[in-house]
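Descriptive structure summary
Spelled out, the chains give:
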Amino acid sequence: MRFRKSFKYRLFFSYIAVILISFGLTAFFLDKQLENHSLQGLKSSIVTQARLIESQIPPESLKKENTANLGVLVKNLSLKNKSRITIIDDQGKVLTDSELSPGEVLDIDNHATRPEVRAALKGLTGDSIRYSATLKTDMLYVALPIMGKDGVVGIIRIALPVANVQKIMFAIRKTIILNIFFALGLAFILAYVLMTSISRPLNKIINVSRRFAGGDFSQRIYYDSHDEIGELSSTLNKMAQDIEGKVKEIEIQNQQLKTIFQNMVEGIIVADKSGCIVSVNQAIEGIFNIESRKTKGRPFLEVIRNTDMAEIIRIVLDERKFVSSELSLAYPVQRVFQVNASPVFEKDQISGCLLVIHDVSEIRRLENIRRDFVANVSHELKTPLTSIRGFVETLLGGALDDKENNLNFLKIIQNHAERLDTLVDDLLSLSHLESKEIALALEDFNLHHELDEIISGFRSQLKKKGVTIKNEFPPDISLRADKGRIKQVFTNLIDNAVKFNKEKGLIRIYAQEFNGRIKIIVEDSGSGIPTKDIPRIFERFYRVDKARSRELGGTGLGLSIVKHIVELHAGSVGVESTEGLGSKFFFILPK
Ligand code: ADP
């Protein structure tokens, strides 16, 4: 608003000022010129009159004795010329005056000091304008010398009131002032028209520019003219269009970056140079169980109570270097993180720190599993191999001739060799199942029927232990699965159910259907599994009682193979068990 006022009024007043000054100066000089010109005209007409009068005054009439006649002559001339005539002698003494009686003339003071008289005494034409105390008005006095044989003998002075000139000047001034006012009025109107023709489009531009400043670049200035304002409008429009495009582009990029930032699997924390959080992504919310909107601007430690990470941020900010470190976090959940922290620079100045947090718990867990697995495998292989070596050495050391024991030793060696064979078989099928490239040969088959066949394979084992097995699986249900592998599952489960059963125990195999799924249960009346071991029972090489398992010819891989096969069928496995009473191993398959 201030700009508009000042600009409008400045232009307006300068317009008026220019008119006032130019008219004023013109009027002033014109006035002076005219005044001079009029006075000059008046003066020259008086001089002409004076010369005419002079020609009518003979020099001898100036003599004292003739002053009475001179008085009459002067009075007559004065009446004709309508001017005051004074005759002065060469000493400056007034001899006669048309406006004064002879008596008054005697009282009048010497005129030699009057400027016009002084000039005339020198033989020149003198003039002067001054106030006449006698006539009480401004008078123009012109004095001419009356020349005799020996120079100036007297002076004729004619005086006229300048009121005439002033009257004319007043009329002229009035006209000039009227003209000035007229011009001013015209200037006002013109200035107003000009002002509105400039300020209206300018106001439009200002209003639209305000919107630009507020970030709304959709507006355009409509001003269709080829003048400077038109050019300014189209430049502003072009600028707005460009900015609008750029802003849109930036917005899209921003959105893309935001989406990437939010959806990155890695947790990201941006901190400022004082170590306060600027932003965190969704992954961080999940890891540390925090809400990102409550983290902004708060010190790192206040939000995430992890001194190791705070220390990393401190090092990055202080030493301006990249830091990479592995940290384990106990809370909220046990996890291992790879933290990569780098400084963020802004014009060579450090402005903050960027932390990328990668959850490597799964990698570390798998590494541990692999390490354990290798250790376990080596151990499992080592035991039978050590035995075999021992017995071979014993035999070679002379026991071969020990007729009583040598066959025994060989049987033990055979047992261990068989164990190794089973172990390697199990390991091979496990690694095959884990390879993920495995293709299931799905087919429809009657499980009840297949179970009968599997059970018959355990006949001698069952007989030996007096265990009874009941196939209660519904005979009318057919299953779509990889028959060979499902048979392997049952073989392993029944093998365990027999091995860990009590003498004359019972095994039941039955099924339950629900929600399009089928749950198959192998229930035994054996030793059961302690509750603490249940969660780990399906792990490779996990055994409740290692020695017993080995003694029974187990490898500790049976359940692990079961789990793998069932999961390949998109199913799940589980166990319910009460120590000393028996176990219920089950697996659920989609029908
Ligand atoms: P193993 O070759 O030792 O049988 P598994 O993986 O088949 O290996 O079984 C792992 C362990 O689970 C066994 O050593 C045993 O301790 C326990 N287990 C498996 N099945 C049963 C069961 N039916 N009753 C009691 N314990 C069992």
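An account of the accompanying structure is given in this report. (Residues numbered from 1 in each chain as written. Predicted model: local features only at pLDDT ≥ 70, side-chain atom pairs only at ≥ 80, totals over all residues. Heavy atoms only, no water.)

**Concerning the overall build of the protein**
Note the following rule: Helix and strand definitions here come from DSSP, where helices need a minimum of 4 consecutive H or I residues and strands a minimum of 2 consecutive E residues; each element is numbered from the N-terminal end. C-alpha atoms define the radius of gyration in this analysis, and the globule rule sets the expected value at 2.2 Å times the number of residues to the power 0.38. Relative accessible area decides the class of each residue, using a 1.4 Å probe on protein chains only: under 20% of the type maximum gives buried, over 50% gives exposed, and in between gives partly exposed. Any two residues having at least one pair of non-hydrogen atoms within 4.5 Å are treated as being in contact. Here, Shrake-Rupley sampling with a 1.4 Å probe gives the accessible areas, and only protein chains in the shown set may cover a residue.
On a plain count of helices and strands, the protein comes out with 16 helices and 17 strands. What you see for the protein is a C-alpha radius of gyration of 66 Å, clearly larger than the 25 Å of a compact globule of 591 residues, by over 25%. The dimensions of the protein, computed from C-alpha atoms along their principal axes, are 205 × 60 × 35 Å. For the protein, the residues scored as buried account for 38% of the 591 residues in total. Pairs at least 24 apart in sequence give 56% of the contacts found in the protein among residues at least 6 apart. Accessible surface, the protein: about 35200 Å² in total, of which carbon and sulfur atoms supply 56%.

**Observations concerning helix α11 (residues 406-434)**
This is how the line gets drawn: To estimate the expected span of a helix, subtract one from its residue number and multiply by 1.5 Å.
Across its 29 residues, α11 extends 42 Å between first and last C-alpha, which sits within 8% of the 42 Å expected from 1.5 Å per residue. Considered for burial, the residues of α11 that qualify are N406, F409, I413, H416, R419, L420, L423, D426, L427, L430 and L433. Elements in contact with the buried residues of α11: α10 (361-396), α14 (483-499), α15 (546-551) and α16 (558-568). Remark: K436 follows α11 within two positions and exhibits a positive phi of approximately 70°.

**Describing the site of the ligand**
In plain terms, the rule: For this purpose, a residue is taken to be near a molecule or strand whenever a single non-hydrogen atom of the residue falls within 4 Å of it. Think of a polar contact as two N or O atoms within 3.5 Å of one another; within protein, one of them needs to be a possible hydrogen donor and the other a possible acceptor, and neighboring residues in sequence only count if both atoms come from side chains. For cavity detection a 1 Å grid was placed over the protein atoms alone, and a set of points counts as a cavity when a 1.4 Å probe fits there but cannot get out; an open set counts as a pocket when protein lies on both sides within 12 Å along at least five of seven lines, with lining residues being those that have an atom within 4 Å of a point. Whether a molecule sits in a cavity or pocket is decided by its atoms, more than half of which must lie within 2 Å of the grid points.
Neighbouring the ligand are 21 residues, the closest being N496, D524, S549, T555 and L559. One nitrogen or oxygen atom from the side chain of D524 is found 2.9 Å from a nitrogen atom belonging to the ligand. Note that an oxygen atom of the ligand is positioned 2.9 Å from one of the backbone N or O atoms of G556. Here the ligand occupies the largest pocket. Considering each element in turn, the shell around the ligand owes the most residues, 3 residues, to α14.

**Section: the packing of aromatic side chains**
Threshold: Two rings from Phe, Tyr or Trp (for Trp, the six-membered ring) form a pair when their centres sit within 6.5 Å of each other. Planes less than 30 degrees apart are called stacked, planes more than 60 degrees apart edge-to-face, and all others tilted. As a reminder, the over-ring test applies to NZ of lysine and CZ of arginine, requiring each to be within 6 Å of the ring centre and within 35 degrees of the ring normal.
The full count for this structure, using the stated rule, is 7 aromatic pairs. Measuring from centroid to centroid gives 5.8 Å for F212 and F217, while their planes differ by 20°, and the two rings are stacked. F217 carries the same exposure label as F212, and that label is buried. Ring geometry for F373 and F541: centres 5.7 Å apart, planes at 40°, overall tilted. Of this pair, F373 sits in helix α10 while F541 is found in the loop between β15 (517-524) and α15, placing the two residues 168 residues apart along the sequence. For F373, a relative accessible area of 22% gives the class partly exposed. Across the ring face of Y510, the terminal group of R508 is positioned such that the distance to the ring centre comes to 4.2 Å.

**Remarks on the packing of α10 against α11**
Going by this rule: Geometry is summarised by axes, namely lines fitted to C-alpha atoms with helices restricted to the contacting stretch, and by angles between N-to-C directions that run from 0 to 180 degrees. An angle counts as roughly parallel when it lies under 35 degrees, as roughly antiparallel when it exceeds 145, as roughly perpendicular when it falls between 65 and 115, and as oblique in every other case. Each crossing is labelled by how the near helix is turned from the far one, with a counterclockwise turn of less than a right angle marking it left-handed and a clockwise turn marking it right-handed. For this classification, the nonpolar set comprises Ala, Val, Leu, Ile, Met, Phe, Trp, Tyr, Cys and Pro, the charged set comprises Asp, Glu, Lys and Arg, and every other residue, Gly included, is treated as polar.
At their nearest, the axes of α10 and α11 sit 9 Å apart, and the two run at 160° to each other. Looking at the two axes, α10 sits roughly antiparallel to α11. Pair α10 / α11 crosses with left-handed handedness. In this structure, α10 contributes F373, V377, E380, L381, P384, L385, S387, I388, F391, V392, T394 and L395 to the contact, and α11 contributes N406, F409, L410, I412, I413, H416, A417, R419, L420, L423, V424 and L427. Residues of the contact of α10 with α11, tallied by class, amount to 18 nonpolar, 4 polar and 2 charged.

**Observations regarding the environment of Q461**
Considering the arrangement of structural elements, one finds Q461 in helix α13 (residues 459-465). Residue classification places Q461 among the partly exposed residues on the basis of a relative accessible area of 31%. Taking the C-alpha atoms as reference points, Q461 and V498, separated by 37 residues in sequence, lie 7.6 Å from one another. Residues within four places of Q461 in sequence aside, it is in contact with D495 and V498.

**A word on the nonpolar core**
To keep it simple, the criterion reads: As used here, the term nonpolar core means buried Ala, Val, Leu, Ile, Met, Phe, Trp, Tyr and Cys residues forming a set that is joined through side-chain atoms within 4.5 Å.
Ranked by internal contacts, the top residues of the largest apolar core, which has 47 residues, are L447, F490, I494 and F587. Ranked by the residues each element gives to this core, the list is headed by α14, at 7 residues. Grouped together as the second largest cluster of nonpolar side chains are 27 residues, L317, V323, L329 and C353 included.

**Here we look at the environment of N496**
The topology assignment puts N496 in helix α14. N496 sits in the buried class, given a relative accessible area of 16%. Aside from chain neighbours lying at most four places away, what touches N496 is N501 and L559.

**Considerations on the pairing of strand β4 (residues 137-148)**
The line we're drawing: Strand pairing requires that DSSP identify at least two bridges connecting the strands.
The sheet contact formed by strand β3 (residues 126-132) and β4 spans 7 bridges and is antiparallel. For R130, the partnering residue across the bridge sits in β4 and is M139. The loop that links β3 with its antiparallel partner β4 comprises 4 residues; one of these, K136, has a positive phi angle of about 55°. Note that β4 and strand β5 (residues 151-161) share 10 bridges and pair antiparallel.

**Thoughts on helix α2 (residues 67-81)**
Short version of the rule: Regarding the arc, it is the one traced by the directions from the helix axis to the C-beta atoms.
Here α2 is 15 residues long and its end C-alpha atoms lie 20 Å apart, about the 21 Å a rise of 1.5 Å per residue gives. Those residues of α2 that fall on the buried side of the exposure criterion are L70, G71, V74, L77 and S78. Here the buried residues of α2 occupy an arc of 135° about the axis, which is enough to place them on one side. Exposed residues pointing more than 90 degrees away from the buried face of α2 are listed as A68, N69, V72, L79 and K80. Residue K82 follows α2 closely and has a positive phi angle near 55°.

**Considerations on the layout of surface pockets**
To be explicit about the condition: Grid points are joined across faces, edges and corners, and a volume is the space filled by probe spheres set on the points. Note that domain bounds follow an automatic or database assignment of domains.
Roughly 1100 Å³ of internal volume is contained in the largest pocket. Those elements giving two or more residues to the lining of the largest pocket turn out to be α11, α13, α14, α15, α16 and β17 (582-590). At 8 residues, the largest contribution of residues to the lining of the largest pocket is made by α14. Tallied by class, the residues present in the lining of the largest pocket amount to 13 nonpolar, 19 polar and 13 charged. Mapped onto the domain boundaries, the lining of the largest pocket takes at least three residues apiece from domain 3 (364-433) and domain 4 (438-590). The volume enclosed by the second largest pocket comes to roughly 930 Å³. Considering the residues around the second largest pocket, the lining is formed by 24 residues, among which I369, E434, E539, R540 and H564 are closest to the centre. Where the lining of the second largest pocket is concerned, the elements lending two or more residues are α10, α11 and α16. Residue contributions to the lining of the second largest pocket peak at 7 residues, all from α10. Grouping the constituent residues of the lining of the second largest pocket by class yields 9 nonpolar, 3 polar and 12 charged. Mapping the lining of the second largest pocket onto the domain boundaries places at least three of its residues in each of domain 3 (364-433) and domain 4 (438-590).

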